[in-house]
Amino acid sequence: MPLTAAQICTRACQIARVPGLLTDAGNSLNVVLQELCQDWDFEHAKKTYNFNFNTAQLNYNGQAFQNFPTDYLRVIKNECWYFISGVPYPMIHLDMSEFDMLVEQSGVSNFPVFFYVDTSGNGLFNSLIAGTPGTLGVPVAVFWMPPSGAYAMTVRYYSQMPDISSPSTSSTVPWFPNQNYLITRVAGELMKDADDERATAFLSDDEDRYPNGAGVILRNYLKMHGDRGDRARTVSLDRRRFGRAFDRLKNTKQIGW
């Protein structure tokens, strides 16, 4: 049976021999879980966001935009699309520098092709009129071209999972399934705080010297994470550079490409 956050913190304190640092163990557990979201793409942190394009929602540059969930970290490649007459139209994710070089013309709308996500949180592109402050602290997606209809958009993304409230006493089971890693890693962090010389061994990713280190445990877990051994592997070319995006098809091409 999976251990709760409180049990993980208690076990880590016992291993580190610092029973008085239970609160610190809880704080370390949340930091470790945050780090896992930020550094790796785990299915457990995968979420889906659905919305309809708003043709009237334009920023001061005349670009269509949409507030994304506050837990958004990064988009999943090739998993952003919308439907028109039952046909999926994939969106192509660009870097901000690439998006800035796209031609913008007032009053022109079409089927959106490209987008990027501003994760700075400053709401720069969240203004309907120049000089009007936008919503701060939220990721904002900007689309090219502005949509010609209220198409239903689906975006799959990796999220920043929420912290566990009061983890040292919480009955919540952490979302990350490898609890051996969590216990070893939190214990190592406590040892580091207590200036315990065992910290190096507990936090190490050197399989030869410290085969039970947290880094080794995580690497072994990642070897099988997202295993696709039951299907053929394919090479995916960058949609920005290869193939013909549907925006460049002839006008006579109505459905499909």
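A quick note: this is a predicted structure, and the numbers were derived from the prediction, not measured.

Chemist: Run through the packing of aromatic side chains, naming residues and quoting values.
Modeler: Counted under the stated rule, the structure contains 22 aromatic pairs. Where Phe-114 meets Trp-144, the ring centres are 5.8 Å apart and the plane angle is 35°; that geometry is what we call tilted. Of this pair, Phe-114 sits in strand E6 (residues 114-118) while Trp-144 is found in strand E7 (residues 140-144), placing the two residues 30 residues apart along the sequence. Comparing Phe-114 with Trp-144 shows no difference in burial state: the two are buried. Counting every residue linked through ring pairs, the aromatic cluster contains Tyr-49, Phe-51, Phe-53, Phe-68, Tyr-72, Tyr-82, Tyr-89, Phe-111, Phe-115, Phe-143, Tyr-151 and Tyr-157.

Chemist: Go over the environment of Phe-111, please, and point to the residues and values.
Modeler: Tracing the sequence through the fold places Phe-111 in the loop between helix H3 (96-100) and E6. Residue Phe-111 is classed as partly exposed on the basis of its relative accessible area of 27%. Between the C-alpha atom of Phe-111 and that of Ser-148, which follows or precedes it by 37 residues, the distance is 6.2 Å.

Chemist: Just give me the short version of the confidence of the model for the protein chain, but keep the residues and values in it.
Modeler: Per-residue pLDDT for the protein chain averages 85, and the proportion of residues at 70 or more is 82%. Confidence over residues 253-257 falls short of pLDDT 50; this stretch has 11 contacts with residues more than four positions distant or in other chains.

Chemist: Kindly report on the environment of Ser-148, identifying the contributing residues and their values.
Modeler: The topology assignment puts Ser-148 in the loop between E7 and strand E8 (152-159). On the basis of relative accessibility, which here comes to 39%, the residue Ser-148 falls in the partly exposed class. Each C-alpha atom of the pair Ser-148 and Ser-109 lies 5.1 Å from the other, and the pair is 39 residues apart in sequence. Dropping the residues within four chain positions of it, Ser-148 is found in contact with Thr-55, Ser-109, Asn-110 and Phe-111. A polar contact of 2.6 Å, which involves the side chain of Ser-148, links it to the side chain of Tyr-151.

Criteria and thresholds
- Residues numbered from 1 in each chain as written.
- Predicted model: local features only at pLDDT ≥ 70, side-chain atom pairs only at ≥ 80, totals over all residues.
- Heavy atoms only, no water.
- Phe/Tyr/Trp six-rings, centres within 6.5 Å; stacked < 30°, edge-to-face > 60°.
- Helix = DSSP H or I, 4+ residues; strand = E, 2+ residues; numbered from the N terminus.
- Buried < 20%, exposed > 50% of the residue type's maximum accessible area, 1.4 Å probe, protein only.
- pLDDT = per-residue confidence, 0-100.
- Contact = heavy atoms within 4.5 Å.
- Polar contact = N/O pair within 3.5 Å; in protein donor to acceptor, adjacent residues only side chain to side chain.

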